[in-house]
Structure formats: structure tokens, C-alpha cells
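Each chain, written out:
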Amino acid sequence: MITSTDFSFLLVTRYNDEKRLYGVYQSIRRLYPDNEIVIVYDEVTAPRLNPIDTNLVEVYSSERVYVSGGYNLALKHATKKCFVFIHDDTFVAKNFLENIIPHVSEKQFCNFVTVEPPIYNDPDTLFKPIRDFGRDMRRFDLNAFDAFCDEHMKKIQDTTSVDSPFGGFFMAGVKESIDSVNGFDEYFQPYFYEDADLMLRLHQAGFRFVLVLNSLVYHMGSLTSRGTAESEQSMAKTAMLFIKKWKTTWEYARHYTLGNGIPYKRIPVEIQARNCHPPILQYISLINEFDSDMVVSFDGNKV
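Residues numbered from 1 in each chain as written. Predicted model: local features only at pLDDT ≥ 70, side-chain atom pairs only at ≥ 80, totals over all residues. Heavy atoms only, no water.

**Student:** Sorry, what's going on with the packing of aromatic side chains here?
**Tutor:** Here a ring pair, both rings aromatic, is described through the centre-centre distance and the interplanar angle of the planes. Scanning all chains against the criterion turns up 32 aromatic pairs. An angle of 45 degrees between the planes, with centres 6.4 Å apart, marks the rings of F188 and F242 as tilted. Of this pair, F188 sits in the loop between α5 (175-179) and α6 (194-204) while F242 sits in helix α7 (residues 229-246), and the two are 54 residues apart along the sequence. Where Y191 meets F192, the ring centres are 5.1 Å apart and the plane angle is 70 degrees; that geometry is what we call edge-to-face. Here Y191 and F192 have matching classes, each one buried. (Phe/Tyr/Trp six-rings, centres within 6.5 Å; stacked < 30°, edge-to-face > 60°. Helix = DSSP H or I, 4+ residues; strand = E, 2+ residues; numbered from the N terminus. Buried < 20%, exposed > 50% of the residue type's maximum accessible area, 1.4 Å probe, protein only.)

Have a look at this one:
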């Protein structure tokens, strides 16, 4: 039987906001004083958050590990049966673990509801509420967040979970289960698509996901700073890495394999192309497999 103390909270930080990181730590400790917390410091050194906290594990990396490498390090150092992935800007609500526990098993992972401020033009839904409880620790209103969560519980009534075929980064599960697929693929650096790749591999291995509607966090911002020039460059790079690995786009795999249950099948094809626009040639170079017995040739001028 799984209990709340069986969970390790795992997070990675660049330590660019000491007050926020300590606030995240405190938000866990106010509810779960004895749970293990593993923090990976990504190419930064920092003083210990709480030297007398024997259940706080702090891991310092001398080189950039980014999202995939950082959370793999956290998993490596975690000692509990189960894990929760959060960011260094994520605050857990009351009964967070208690409401997850009934849905976690060796074959099932859980996503939880992320409440975010209106900064990414995402629609406001029951599955992902859009509310502004503060973008920094000076303005963060914990009491207002707690009150919102109480109202949210009334809306969902007896429906505590729904299928979550696409999974997602904010997740909890059994450590042995995620270890069985070797965690994140560190090929996806600096960041983005490491979670998409993980979801697809977990799906292929027979695991399933549910979204737990009564387990909430407030996600203050974004670890990977969506919308910045750096994040756009990173997304463009790792999208190409996903295509190179899987020979298809994430959107295609998400819709057909995860969304509609069509088995993913990789068919090696060598494509010989000429007179094509550069973007088409770039895409072909990513999906080409030159040792294939199947060869397709086409001329862009004749299409």
C-alpha cells in the first residue's frame, strides 16, 4: 500500500531566484514535513536551503544538465518508492499527495492539475485553470490559491480523475516504472520534447496516464521560459531531434498513436530527392535511413 511518505519531490533549478526556490521548499514542508525532497542544482553552487533537514537531498552538478539530465540525476538520488516531478516555481495545494495516491500504480502514472497565470494565451479550463496568484514571491497569495482550490473541489464533485492519454511533464508515479524505460533521454538538450519522447516510450511500454482533478499545483512561471528567443531556438532544435529519433513529428505521434491508439511502426526508407526547397531537404535528411532496402526517389520539379 502506497502512503504519502513514499513520495520524493524532485526538482531542478538554475538557482536564479533564491526566494522562490525557498518558497517552493516551504510549500512542500508546510504539508509534508517528512517527505524526501531532491533538488538538483544545474551548473550552479548555492548554500543549503535548510542544513538541519535530513530529508532534503541537494545535488550539485558542475556542468549543465538541463531538464533531461537534471531529472535523471534527481531520480538517481531519490530513495523512495514513488516520485513527483515539479519545477522550481511550483507550489503544491492541500491534499496534493493524498488525492494522487489512489490513482498511482506500477502500471499507471498520474498527471495533476496545473494552475497558471494568464501569460501563455492558454484557455481557462477545469483541467488547466488560468488564475493569477502572483508571478513572484512578493506578490504570491497563498491564501487566495488555497481558497481557489476549495472552490475547484466543489466544481469537480465526484469526478476525481479522467484519462490523460498524452501524459505530460507534471507527473507522479512509481520510480521503478519510470526507471524501466531509463527515464529521460538526454539526447534532448537543451530542453523541450524530452517529455514528449518519454510519454511515447512509456506508452509503448504499456503504461497509462490519468489526470487527477483534485490534485493541484500553482505553476508561477516556466522553468524553460516559454516565449523567449532562447526557448524558441531550443524548441526548434529539439523538434528536429524528435523527428530524427522517431522519424515523425510529435504532433503526428500524439494524434495517431497516443490519441487514437494506432500503433507506432517505424518503416526504414531511403529517400533520394533533388530540386526541392531547403526545408523539405532538411526534413528528408532527418527521416532518411540510408541502409534501408526500400528506396524512394522523386524530383521536386516534377511534383
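More follows now that the structure is in view.
**Student:** Would you mind going over the packing of α7 against helix α9 (residues 278-287) with me for this structure?
**Tutor:** When two helices pack together, their arrangement is given by the angle between their axes and by how far apart the axes lie. Orientation of α7 relative to α9, taken along the N-to-C sense of each, is 45 degrees, at an axis distance of 7 Å. The orientation of α7 with respect to α9, classified from their angle, is oblique. In contact with M240, I243 and K244 of α7, α9 contributes Q282, Y283, L286 and I287. In terms of residue class, the contact of α7 with α9 is built from five nonpolar, one polar and one charged. (Axes fitted to C-alpha atoms, helices over the stretch in contact; angles between N-to-C directions. Parallel < 35°, antiparallel > 145°, perpendicular 65-115°, else oblique. Contact = heavy atoms within 4.5 Å. Nonpolar A, V, L, I, M, F, W, Y, C, P; charged D, E, K, R; others polar.)

**Student:** Just to check I follow, could you spell out unusual backbone geometry for this structure?
**Tutor:** The phi angle of most residues is negative, glycine excepted, and most peptide bonds adopt the trans form. Cis geometry is found at the peptide bond from Q189 to P190, where omega equals 10 degrees. As for its position among the elements, P190 is in the loop between α5 and α6. Phi is positive for N95, close to 65 degrees, though the residue is something other than glycine. With respect to the helices and strands, the residue N95 is situated in the loop between β5 (90-92) and α3 (96-100). Non-glycine residue F192 carries a positive phi angle of around 90 degrees. Along the chain, F192 turns up in the loop between α5 and α6. Taking relative accessible area as the criterion, F192 reaches 12% and is therefore assigned buried.

**Student:** How should the nonpolar core be read in this particular structure?
**Tutor:** Grouped burial of nonpolar side chains is what soluble globular proteins tend to show. Core analysis: the biggest nonpolar cluster contains 86 residues, and F7, F9, V84, F85, F96 and M171 have the highest contact counts within it. Of all the elements, strand β9 (residues 208-219) adds the most residues to this core, at eight residues. Sequence-distant contacts of F9, defined by excluding residues within four places in its chain, comprise I28, Y32, N35, E36, I37, V38, V84, I86, V92, F96 and L97. (Core = buried A, V, L, I, M, F, W, Y, C linked by side-chain atoms within 4.5 Å.)

**Student:** What is the right way to look at the pattern of salt bridges in this model?
**Tutor:** Side-chain pairing between opposite charges can occur once the charged atoms of the two side chains come close. Here the structure, examined in full by the defined rule, presents 18 salt bridges. As a salt-bridge pair, D136 and R139 come within 2.8 Å of each other at their nearest N and O atoms. Taken together, the salt bridges that share partners define one network made up of D185, D197, R201 and K245. (Salt bridge = Lys/Arg side-chain N within 4 Å of Asp/Glu carboxyl O.)

**Student:** Looking at this structure, how should I read helix α1 (residues 18-29)?
**Tutor:** One turn of the α-helix equals 3.6 residues, which is why residues spaced by three or four share an orientation. For α1, spanning twelve residues, the distance from its first C-alpha to its last is 16 Å, which sits close to the expected 16 Å at 1.5 Å a residue. Buried residues in α1 make contact with β1 (7-13), β2 (36-42), β3 (56-61) and β5. (Expected span 1.5 Å × (residues − 1).)

**Student:** Honestly, empty space enclosed by the protein in this entry has me stumped. Any pointers?
**Tutor:** Vacant regions in the atomic arrangement are exposed by a probe of water-molecule size rolled over the atoms. Per the stated rule, a full pass over the model turns up one cavity of 30 Å³ or more. Roughly 30 Å³ of internal volume is contained in the largest cavity. Around the largest cavity, the lining residues are L11, L21, V24, Y25, I28, I37, I39 and L49. Those elements that provide at least two residues to the lining of the largest cavity are α1 and β2. With four residues, the single largest contributor to the lining of the largest cavity is α1. Looking at the lining of the largest cavity, its residues break down into eight nonpolar, no polar and no charged. (1 Å grid on protein atoms, 1.4 Å probe; cavity = no way out; pocket = protein on both sides within 12 Å on 5 of 7 lines; lining within 4 Å. Points joined across faces, edges and corners; volume = space filled by probe spheres on them.)

**Student:** Looking at this model, I keep getting lost on a nonpolar patch on the surface. Mind explaining?
**Tutor:** On the surface, I267, I280, M294, V296 and F298 cluster together to form a nonpolar patch covering roughly 410 Å² of accessible area. Tracing the backbone shows F298 in strand β11 (residues 295-299). (Patch = residues over 30% accessible without salt bridge, like charges linked within 9 Å, V, L, I, M, F, W, Y side chains within 5 Å. Areas by Shrake-Rupley, 256 points an atom, 1.4 Å probe, with all protein chains shown as cover.)

**Student:** What's the story with the pairing of strand β10 (residues 270-274) in this structure? I'm lost.
**Tutor:** One face of the sheet, then the other: side chains in a regular strand alternate in exactly this way. Bridge count between β10 and β11: five bridges; the pairing is parallel. Within the sheet, the bridge partner assigned to R274 lies in β11 and is D299. Handedness of the crossover is the feature at issue here: the chain leaves β10, passes through α9, returns alongside β11, and the resulting connection is left-handed. (Pairing = 2+ DSSP bridges. Right-handed = clockwise from strand over helix to strand, strands pointing away.)

**Student:** Got a minute to help me understand helix α8 (residues 250-258) in this structure?
**Tutor:** Taken together, the buried positions of α8 are W250, A253, T257 and L258. The buried residues of α8 occupy one face: seen down the axis, they fall within an arc of 75 degrees. Buried-residue contacts for α8 involve α6 and α7. (Arc of directions from axis to C-beta.)

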